[in-house]
Structures are given as C-alpha cells and as structure tokens.
Amino acid sequence: MTKLFDPVTFGDIQLANRIVMAPLTRGRSGPRGIPTATVKEYYRQRAAAGLIISEGTGISREGLGWPNAPGLWTEEQVEGWKPVTEAVHEAGGKIIAQLWHMGRLVHSSVTGLQPVSASATTAPHKAHTYDGKKPYEEARALTADDIARIMGDYATATRNALRAGFDGVQLHGANGYLVDQFLRDGTNLRDDDYGGSIENRLRFLREATEALISEAGAGRTLVRLSPLGLVQGCDDSEPHQLFVAAGKMLGELGIAALELREPGPQSTFAASDADPVSPDIRPFFKGGIILNSDYDGPSAEARLAEGVADAISFGRPFIANPDLVDRLRYGLPLATPDVATFYTAGPEGYTDYPKAREQAAA
C-alpha cells in the first residue's frame, strides 16, 4: 500500500516522499518582485517536503497584480531566486516555480495596466492592492496577438525559472486566474478559436502548457487546476465534462504531474459539494496526480490508499509548521497559522514558527 513517506518519480523529478508543499502566496518579495533573504529562509525551513511548489510567480508585470509577490520576467528576479533554490537543494529538497498570470484579478493601481482576460468581464469582490482592497476593474478582452505575446511570456518565464535553479515549473491554471478564465464558459464569452466549445476553451491551456514544455520538457512540467465549483467569480455550466477533457488533453501532452484542488463542503477556501473529478481523470492521465485541499495525515494516507492520488499537497499546514513532514511522520499535533500575518511584510508569521522539537525544549 502506498504511503506518504514512500518515494515517487514525476517525469524527470524524483521525490523523497509524497508530501508536496502547495503554492502559497505570501507577499514578501517587495514591489519589484525580487525574493529576499527572508524568502530563502522560509523555503529552506520547509525543504523536507518531497516537492515544494513555489508561491504564484508572475510571468509579466501585466499578469502579476498581487502586492509584493515575486516574478520571473527580469534578470534581478532570476538572481533573487537563485539563493532560494540553492538553499532548498542544499537541504535535500526539490522546488518548482508556479507560473502565474492573474488575468482579470489584478488592479491597475498595482500593474499600471488595465486587466486582461478571455472576455471583457469584471470579477466580483475586491482586489488586494498597496492601498488596501479596491473593487475589481473591467478587463480588456485579449486579442489573438495578445495571446501569442502571453505565450511568449510563459516560455520566457520557464526559461528564467530553469536559469534560477528550479527543478521544473507548474502552470497555474486554477482558482479563477487567467487560464481558468479561458476554460470556463462563465468567463469565456468568446466566439473565436478560443471560445465556445470545450475543445476551443481548452486551447489556451494547451498552448500555455506547450510553451512550458518547449523550454522545460514535459518531464519537468506540471499543471494545477481547480475543477470543483465557483472560485473567485469563475464558474462553468458543465465543469465535470470540461475538466475530464482537460485532464485527458494534458495526459496526451505527457506532463509530469497534475495537481487538482478538490475542496469539500467544509473547505477553508472556495468550499464545494461537487463530486471530485480526479477519479474520472485517472484513466486518461498516466502522469502523477497530486490532490489538494484540507488534508491531514490520516486523510492523506486514505486518499493514497484509494489509488487515484500519487501524492498529496498541503497548503496552510505548511505555513505554521515548517517541520510538517516530521509532524505527519510521528503523529505530532499541528500548529495553527496566524491569518493576520499571511500577507504582511517581514518574518512575523513567516519564518518565526517554531518546530515541534523547539516547542518541546521551550
């Protein structure tokens, strides 16, 4: 029976265990998107994970609207990431870069640009900005030339990620961001080759994935999707059919692994009572499947035992538990993260959470 602590290989990436650190936006890289020494320490502390998926990392100024989040489009950003990846590797870990274009979920006060999306729509709720939360603005529909330019941005960011020392890349196709905005018919109102049928709405995802593969190879390319329900104003009339088709298409491209965020009714983010899509993707997808959302040790082991998942990714538990791998291994209680410091500056609520052994010694 597969266990959390068994090794696994996803494409060209060999992992010491099946515990994955999920991407977690933390906003500690400054307005120019350059990771700092504090970011280096944060990831080094968590390097016992079989795989770390970095926080969402912008492929361009246009696509990165989260205050103080990192990027991978400038030389300074590449140089800023190098000490981070080196620290993770020195600690025995593996780390890949999650490549992020937020689409309509940005604000012009952050990027200096009008947001863009599959169609001219406006997201509900409010955007995070340097001046607090502000209502989202109407996005401009991307032209064919814009789409080609963005595919180039994905390829460049992938090349930069490898230069920065990452072991691979993950396309952020989840949580209502740009790729998701093209996938779902609630936000994709286009009548060209990128809209209408499921096949057409998959085109942006396919081309973006191919852009990553062109630089990193399929064996170092992962994709993240969130197939269940409404998320950040993004929904679809036939999500199950859509995302099974997406999984099949990604399987044909031969990517290393697919991470699926499948929350239940009690989830802490975008709860859903929809049935998981992963069991119906499994027959078509021969790479690794990583499941995410609200797992603890016993529930993670149970999902692995079912045979659908090859690994489990943990998000918020990694925030307050830098030694999460040891805590899961030995059944130790988990610390609770301080929500108030999720996105603040500095080490508080970031690198100052103690390990279980340090707590016991105190």
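Per an unreviewed UniProt entry, the protein chain carries the name Alkene reductase and comes from Sphingomonas astaxanthinifaciens DSM 22298.

*Asks:* Would you take a moment to explain the overall build of the protein chain for this structure?
*Replies:* In terms of helices and strands, the protein chain carries 13 helices and 14 strands. Relative to the compact-globule value of 21 Å for 362 residues, the protein chain shows a C-alpha radius of gyration of 19 Å, a close match. For the C-alpha atoms alone, the extent of the protein chain along its principal axes is close to 60 × 45 × 35 Å. Counting over 362 residues, the protein chain shows a buried share of 57%. Across the protein chain, every contact between residues at least 6 apart in sequence was considered, and the portion connecting residues at least 24 apart equals 71%. Surface accessibility of the protein chain: about 13,800 Å² in total, with carbon and sulfur atoms responsible for 50%.

*Asks:* Would you mind going over the pattern of salt bridges with me for this structure?
*Replies:* In a structure, side chains of opposite charge can pair up when their charged atoms sit close to one another. With the rule as written, the count across this model stands at 19 salt bridges. We note a salt bridge from E79 to K82, for which the minimum N-O separation is 2.9 Å. Of the two residues, E79 and K82 are both situated in helix α2 (residues 75-90); the distance of 3 residues between them amounts to about one turn of the helix. For R184, the salt bridge is made with D180, and the minimal N-O distance between the two is 2.9 Å. As far as burial versus exposure is concerned, R184 and D180 are alike and both buried.

*Asks:* Sorry if this is basic, but what is going on with the packing of aromatic side chains here?
*Replies:* To describe a pair of aromatic rings, you give the distance between the ring centres and the angle between the ring planes. Counted by the stated rule, this structure contains 9 aromatic pairs. Both rings, one in Y42 and one in Y350, keep their centres 4.1 Å apart while their planes meet at 10 degrees; by these two values the pair is stacked. Of the two residues, Y42 is situated in helix α1 (residues 37-45) and Y350 in the loop between α12 (324-330) and α13 (356-361); the sequence distance between them amounts to 308 residues. An angle of 75 degrees between the planes, with centres 6.2 Å apart, marks the rings of F182 and Y194 as edge-to-face. Highlighted residues: F182 in helix α5 (residues 178-183) and Y194 in the loop between α5 and α6 (198-201), separated in sequence by 12 residues.

*Asks:* Looking at this structure, how should I read helix α8 (residues 239-253)?
*Replies:* Note on helix geometry: an α-helix contains 3.6 residues per turn, so any two residues three or four positions apart are oriented the same way. Compared with an ideal rise of 1.5 Å per residue, which puts 15 residues at 21 Å, α8 spans 21 Å between its outermost C-alpha atoms and is within 8% of the ideal. For α8, the set of buried residues is L242, F243, V244, A246, G247, M249, L250 and L253. On the buried face of α8, the contacting elements are α5, α6, α7 (203-216), β11 (221-225), β12 (257-261) and α9 (278-281). Positive phi shows up at G254, right after α8, with a value of about 75 degrees.

*Asks:* I tried to follow the environment of R46 on my own but got confused; where do I start?
*Replies:* Residue position: R46 is located in the loop between α1 and β4 (51-58). Remark: the alpha-carbon pair of R46 and D323, spanning 277 residues in sequence, is separated by 6.4 Å. For R46, the residues in contact, after removing those within four places along its chain, are M21, I52, F318, I319, P322, Y350 and Y353. Among the polar contacts listed, one links the side chain of R46 to the side chain of Q45, at a separation of 2.8 Å.

*Asks:* Just checking my understanding: could you explain unusual backbone geometry for this structure?
*Replies:* With the exception of glycine, most residues fall at negative phi, and the peptide bonds are largely trans. Its identity as a non-glycine residue notwithstanding, H125 has a phi of 70 degrees, on the positive side. The class for H125 is exposed, based on a relative accessible area of 67%.

*Asks:* Got a minute to help me understand empty space enclosed by the protein in this structure?
*Replies:* To find leftover empty space, a probe the size of one water molecule is rolled over the atoms. Under the criterion given, the structure shown has 1 cavity of 30 Å³ or more. The wall of the largest cavity is formed by S226, P227, L228, L230, V231, R261, P263 and A270. Here the lining of the largest cavity is built from residues that sort into 6 nonpolar, 1 polar and 1 charged.

*Asks:* What am I meant to see in the pairing of strand β14 (residues 311-314) here?
*Replies:* One face of the sheet, then the other: side chains in a regular strand alternate in exactly this way. Because side chains alternate across β14, one face comprises the buried residues A311 and S313, and the other comprises I312 and F314, equally buried. The pairing of strand β3 (residues 19-21) with β14 spans 3 bridges and is parallel. Across the sheet, residue M21 finds its bridge partner in β14, namely F314. Strand direction decides the pairing type here: strand β13 (residues 288-292) and β14, joined by 3 bridges, are parallel. Within β14, the residue paired with N292 across the bridge is S313. Handedness of the crossover is the feature at issue here: the chain leaves β13, passes through helix α10 (residues 297-306), returns alongside β14, and the resulting connection is right-handed.

*Asks:* Whenever I open this one, the nonpolar core confuses me. Can you help?
*Replies:* Side chains of a nonpolar character, in soluble globular proteins, are inclined to be buried together. Ranked by size, the top nonpolar core spans 81 residues in total, and within it Y43, Y154, F204, L205, L225 and L250 carry the most contacts. Here L205 is in contact with L171, V179, L183, V223, L225, A246, M249 and L250, once residues within four sequence places are set aside.

*Asks:* Help me understand the pairing of β13 in this model?
*Replies:* In terms of burial, β13 is a largely internal element, 5 of the 5 residues being buried. Pairing geometry for β12 and β13, over 5 bridges, is parallel. Directly across from L258, in β13, lies its bridge partner I289.

Calculation criteria
- Residues numbered from 1 in each chain as written.
- Predicted model: local features only at pLDDT ≥ 70, side-chain atom pairs only at ≥ 80, totals over all residues.
- Heavy atoms only, no water.
- Helix = DSSP H or I, 4+ residues; strand = E, 2+ residues; numbered from the N terminus.
- Rg over C-alpha atoms; globule rule 2.2 N^0.38 Å.
- Buried < 20%, exposed > 50% of the residue type's maximum accessible area, 1.4 Å probe, protein only.
- Contact = heavy atoms within 4.5 Å.
- Areas by Shrake-Rupley, 256 points an atom, 1.4 Å probe, with all protein chains shown as cover.
- Salt bridge = Lys/Arg side-chain N within 4 Å of Asp/Glu carboxyl O.
- Phe/Tyr/Trp six-rings, centres within 6.5 Å; stacked < 30°, edge-to-face > 60°.
- Expected span 1.5 Å × (residues − 1).
- Polar contact = N/O pair within 3.5 Å; in protein donor to acceptor, adjacent residues only side chain to side chain.
- 1 Å grid on protein atoms, 1.4 Å probe; cavity = no way out; pocket = protein on both sides within 12 Å on 5 of 7 lines; lining within 4 Å.
- Points joined across faces, edges and corners; volume = space filled by probe spheres on them.
- Nonpolar A, V, L, I, M, F, W, Y, C, P; charged D, E, K, R; others polar.
- Pairing = 2+ DSSP bridges.
- Right-handed = clockwise from strand over helix to strand, strands pointing away.
- Core = buried A, V, L, I, M, F, W, Y, C linked by side-chain atoms within 4.5 Å.

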